[in-house]
Amino acid sequence: MDVDAPPGFGAPVDPNPPPPIPDSANPNPLEPAAPIGLGASLPPLSPKQGGKDPSIVWQHFIKLAGSDPQNPRSQCKYCKNQYKCHGKKNGTSGMLQHMKVCKKWPFPRDDKQKTLSFQAKREGESGSNVLVVPNYSEERIRLALARMIIIDELPFKFVERQGFQEFMEIVEPRFPIPHRTTIARACMKIYSSEVDILRRAFVGQRVCVTTDTWTSIQNLNYMVVTAHFIDGDWTYQKKILNFCPIANHKGDTIGRAVESCLLKWGIDRLFTITADNASSNDVAIDYVKKKTKERDSSILGGEFMHMRCCAHILNLIVQSGLKSIHESIAKVRNAVRYVRASPARFEKFQECVENEKIKAKCLLSLDVPTRWNSTYLMLDCALKFVRAFDRLEEEDGHYKLYFCELDGNGKKPIGPPNYLDWENVKTFVKFLGIFYEATLRFSGSLFVTSNTYFHELISIEDQLQQLCSVDGDPLLKSMAVEMKKKYDKEWYGKDKGDAMSSKVRDALKRLYVERVGQNGASSSSGSGASLSRDSMPSVGNASLSDRIKSYNNKFKQHLADEDSVESKSELDRYLLESSEDPDVEDFDILMSWKMNSSRYRVLSQIARDVLAIPVSIVASESAFSTGGRVLDSFRSSLSPNTVEALICTQNWLKDAKKKRPIKLRECMDNVEDMDGFEIDTGKYMFILFVVYINCLVICSMLTNHFILNGIVEIASVCPMPMEEDPSTVVLDDDE
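Because the structure is a prediction, the values reported are computed rather than measured.

Caption draft 1: Representation of the overall build of the protein. Secondary structure summary: the protein contains 25 helices and ten strands in total. Taking all 735 residues of the protein together, 48% fall into the buried category. Within the protein, contacts between residues separated by at least 24 positions form 72% of all contacts whose residues are at least 6 apart in sequence. For the protein, the accessible area works out to roughly 37,200 Å², and carbon and sulfur atoms hold 52% of it.

Right, here's the structure in full:
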């Protein structure tokens with residue numbers, strides 16, 4: 001007896017059913033087959049279905065062979081009930097209803113008794129486990145799979161691989177594995193929804209921007225724009241706005257691309273743009289400034305819009321001192337080059353490490369001579385294996401011969417390093433460590449940096465000043481002299497700082513007045529003293545002495561009103577308050593301003609703008625590290641729009657779940673040497689301006705104290721905790 005759709009409960013079986021089509025996953029059709037999982041084959045699609053996914057019922061039903069083509073029938077794999085399954089006459093609704101009532105259904109589906117499970121904790125989360133009721137939803141699983149593809153930088157065809165499909169057969173056999181084009185559409189759906197969320201966050205928000213350019217393996221020029229801002233809850237945010245191809249690296253092209261990005265996102269309140277020291281960036285920022293300076297939301301006509309990357313400037317300073325490499329560094333470099341030249345040599349070196357019982361997790365790495373940070377890391381790592389190098393010299397005869405043979409340039413390599421060389425290297429590592437730690441602070445991605453970098457700037461100047469003195473270390477003196485020259489050229493020494501202090505103070509006042517005008521409020525919260533005509537003594541009713549006495553009393557009252565707190569502006573009242581103790585540990589400047597924002601409504605807005613300024617472009621350069629993994633040699637066919645969606649969405653999703661620090665060692669490889677660039681003193685006044693603003697934010701220095709002591713007194717800025725060296729996900733897979 002045939003059962004038409006919709007079926008009844010427990011329909012009888014036809015006494016003479018035609019034989020079923022053999023299933024590749026179940027050769028014996030008479031035995032119950034396991035549900036078709038992610039790795040099993042599905043029935044072929046009819047030509048009319050095109051790319052439409054087959055119904056889920058075909059994971060639990062099989063078509064019966066030999067039936068009438070005009071009235072095809074199917075059979076349940078578990079209870080053997082049969083149903084008509086003509087595509088137009090019957091459809092699959094009957095089979096779907098049967099799946100809900102099948103008596104031999106092998107999966108739990110008791111609607112009355114829910115299954116409880118503990119929600120898994122993410123890394124870094126604390127607290128007790130939470131009981132949840134898991135509900136099966138294909139849409140939720142598909143979107144979660146798309147999020148995993150985005151966050152972990154996996155190729156779209158990952159869903160078609162055998163290992164993943166076998167895994168899903170165990171985890172959730174009911175879930176039909178989507179095609180890679182389906183998962184790509186799901187990724188774009190997530191991107192669109194996240195764009196809408198972020199666009200709403202930018203309404204009325206002033207942002208600071210970093211930008212940089214990059215050439216991909218596709219030989220395409222890409223530009224990244226990253227927005228930095230402090231939201232209404234006083235939380236520091238950084239969001240990649242675009243990762244788009246541009247025609248070239250010319251200034252006008254970059255400027256138009258930045259303006260187009262800001263217009264696309266509806267960002268009208270732009271404060272600063274941080275870029276590296278390339279001359280094309282000067283042209284680009286001038287272009288953006290010209291387009292935005294007449295807007296009502298512009299701050300002082302964009303006078304302080306251009307912010308230069310401090311990490312690049314620091315790179316210039318160190319490179320100037322390392323132009324002439326000391327022979328001790330050359331000897332260590334040649335020793336490392338020998339060990340890394342072949343697997344046999346490296347294996348021999350590892351034996352020496354084990355024999356010396358050296359417990360070190362790092363491995364020797366050869367530096368890139370043009371990148372000082374790689375030289376520092378090479379020397380720092382090599383110092384941990386000094387005893388291993390000494391043993392290698394004793395046990396490996398080829399090690400000594402290496403330094404006696406001519407290299408490709410017809411010269412003998414310098415080496416091997418001796419005890420004095422290792423002592424010199426220790427000194428160099430300690431010295432270069434100052435710059436490396438400063439670069440770490442400049443490149444912070446999880447905390448504000450505009451209030452911390454000046455500590456490092458003052459510390460570096462002090463160290464260079466000591467080394468350049470008569471009592472300085474002879475080994476480092478020549479290097480320090482070159483660095484000091486570059487420091488004074490790119491940044492300000494104390495003399496220039498003292499001369500600029502009045503200009504900085506004037507800039508601060510103009511910024512405050514500008515913000516008060518935009519808010520439509522008075523710069524003073526008090527009304528001040530006023531002399532009304534009624535309070536003045538009449539000319540005919542009082543003598544001259546009485547009138548003078550009355551005027552004196554009014555003048556005294558006026559002075560008293562001027563000195564009262566109520567009549568002063570927010571800026572004046574803030575400066576009168578006591579300073580924060582710079583030795584307080586775990587001082588959170590954003591939380592401090594959040595608590596005092598009701599007292600200083602205008603100053604808190606200025607603080608939000610200034611504290612959001614990034615002092616380096618490492619946040620943008622980190623996108624190129626992701627781009628290099630997304631666009632590897634096996635996945636170079638992705639379209640620019642897809643690349644932008646993947647990189648931007650990954651940044652937004654990671655920030656939403658858990659803030660992850662940037663891995664500086666990857667990003668510093670993008671820092672280029674920009675020798676020959678000279679900063680214009682007038683335009684670069686903004687660096688000291690940011691310093692002074694943040695001085696107010698933390699320490700509220702007294703006015704006279706600032707004028708007498710100059711920029712050295714600004715070093716009372718409270719330091720923030722330095723971000724740790726994080727781990728990053730490296731995808732080495734094909735598309």
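We are not done yet, so read on.
Caption draft 2: Looking closely at the side chain of Arg308. Within the element layout of this structure, Arg308 appears in strand 10 (residues 306–308). Judged by its relative accessible area of 3%, Arg308 is buried.

Caption draft 3: Main features of the pairing of strand 7 (residues 221–230). In terms of burial, strand 7 is largely enclosed, as ten of its ten residues are buried. Along strand 7, one buried face is formed by Asn221, Met223, Val225, Ala227 and Phe229 and the opposite face, lined by Tyr222, Val224, Thr226, His228 and Ile230, is buried too. One ladder, built from eight bridges, connects strand 6 (residues 207–215) with strand 7; its direction is antiparallel. Note that in strand 7 the partner of Thr215 across the bridge is Asn221. Relative to strand 8 (residues 236–246), strand 7 runs antiparallel, the two sharing ten bridges. Looking at strand 8, one finds that Ala227 is bridged to Lys239. Where strand 7 hands over to strand 8, the hairpin turn is made up of five residues, of which Trp234 adopts a positive phi near 60 degrees.

Caption draft 4: The arrangement of the packing of helix 9 (residues 343–355) against helix 11 (residues 386–395) in detail. Helix 11 packs onto helix 9 with a crossing angle of 120 degrees between their chain directions and a minimal axis gap of 9 Å. It follows from the interaxial angle that helix 9 and helix 11 lie oblique. Along this stretch, helix 9 crosses helix 11, giving a crossing that reads as right-handed. On helix 11, the residues touching Lys348, Phe349, Cys352, Val353 and Asn355 of helix 9 are Ala388, Phe389, Arg391, Leu392 and Glu395.

Caption draft 5: Examining helix 14 (residues 453–468) more closely. If you check helix 14, its first and last C-alpha atoms are 23 Å apart, about what 16 residues at 1.5 Å a residue would give, namely 22 Å. When we look at burial in helix 14, the residues that qualify are Tyr453, Phe454, Glu456, Leu457, Ile458, Ile460, Glu461, Leu464 and Leu467.

Caption draft 6: Highlighting unusual backbone geometry. A cis amide bond links Gly415 to the next residue, Pro416, at an omega of -5 degrees. Even without glycine at this site, Lys357 takes up a positive phi of about 55 degrees.

Caption draft 7: Looking closely at a nonpolar patch on the surface. Together, Phe167, Ile170 and Val171 make up an exposed nonpolar region whose accessible area comes to about 350 Å². Looking at where Ile170 falls in the secondary structure, it is placed in helix 3 (residues 162–171). Ile170 gets classed as exposed once you look at its relative accessible area, which sits at 72%.

Caption draft 8: Spotlight on a positive patch on the surface. Judged by side-chain charge, Arg256, Lys290, Lys291 and Lys293 come together as a positively charged surface patch. Mapped onto the elements of the fold, Lys290 is located in helix 6 (residues 279–292). Look at Lys290 and you get exposed, because its relative accessible area is 51%.

Caption draft 9: Summary view of the sheet that holds strand 10. In spatial order, the strands read 8-7-6-9-10; together these five strands make up an open sheet with mixed pairing. Two strands bound the open sheet, and with one partner strand each, they are strand 8 and strand 10. Put simply, the sheet's adjacent strands are angled 25 degrees from each other on average, direction ignored.

About the criteria used
- Residues numbered from 1 in each chain as written.
- Predicted model: local features only at pLDDT ≥ 70, side-chain atom pairs only at ≥ 80, totals over all residues.
- Heavy atoms only, no water.
- Helix = DSSP H or I, 4+ residues; strand = E, 2+ residues; numbered from the N terminus.
- Buried < 20%, exposed > 50% of the residue type's maximum accessible area, 1.4 Å probe, protein only.
- Contact = heavy atoms within 4.5 Å.
- Areas by Shrake-Rupley, 256 points an atom, 1.4 Å probe, with all protein chains shown as cover.
- Pairing = 2+ DSSP bridges.
- Axes fitted to C-alpha atoms, helices over the stretch in contact; angles between N-to-C directions.
- Parallel < 35°, antiparallel > 145°, perpendicular 65-115°, else oblique.
- Left-handed = near helix turned anticlockwise from the far one by under 90°.
- Expected span 1.5 Å × (residues − 1).
- Patch = residues over 30% accessible without salt bridge, like charges linked within 9 Å, V, L, I, M, F, W, Y side chains within 5 Å.
- Salt bridge = Lys/Arg side-chain N within 4 Å of Asp/Glu carboxyl O.
- Lys, Arg positive; Asp, Glu negative; His and termini not counted.
- Charge placed at Lys NZ, Arg CZ, Asp CG, Glu CD.

Honestly, it's all geometry; don't read function into it.
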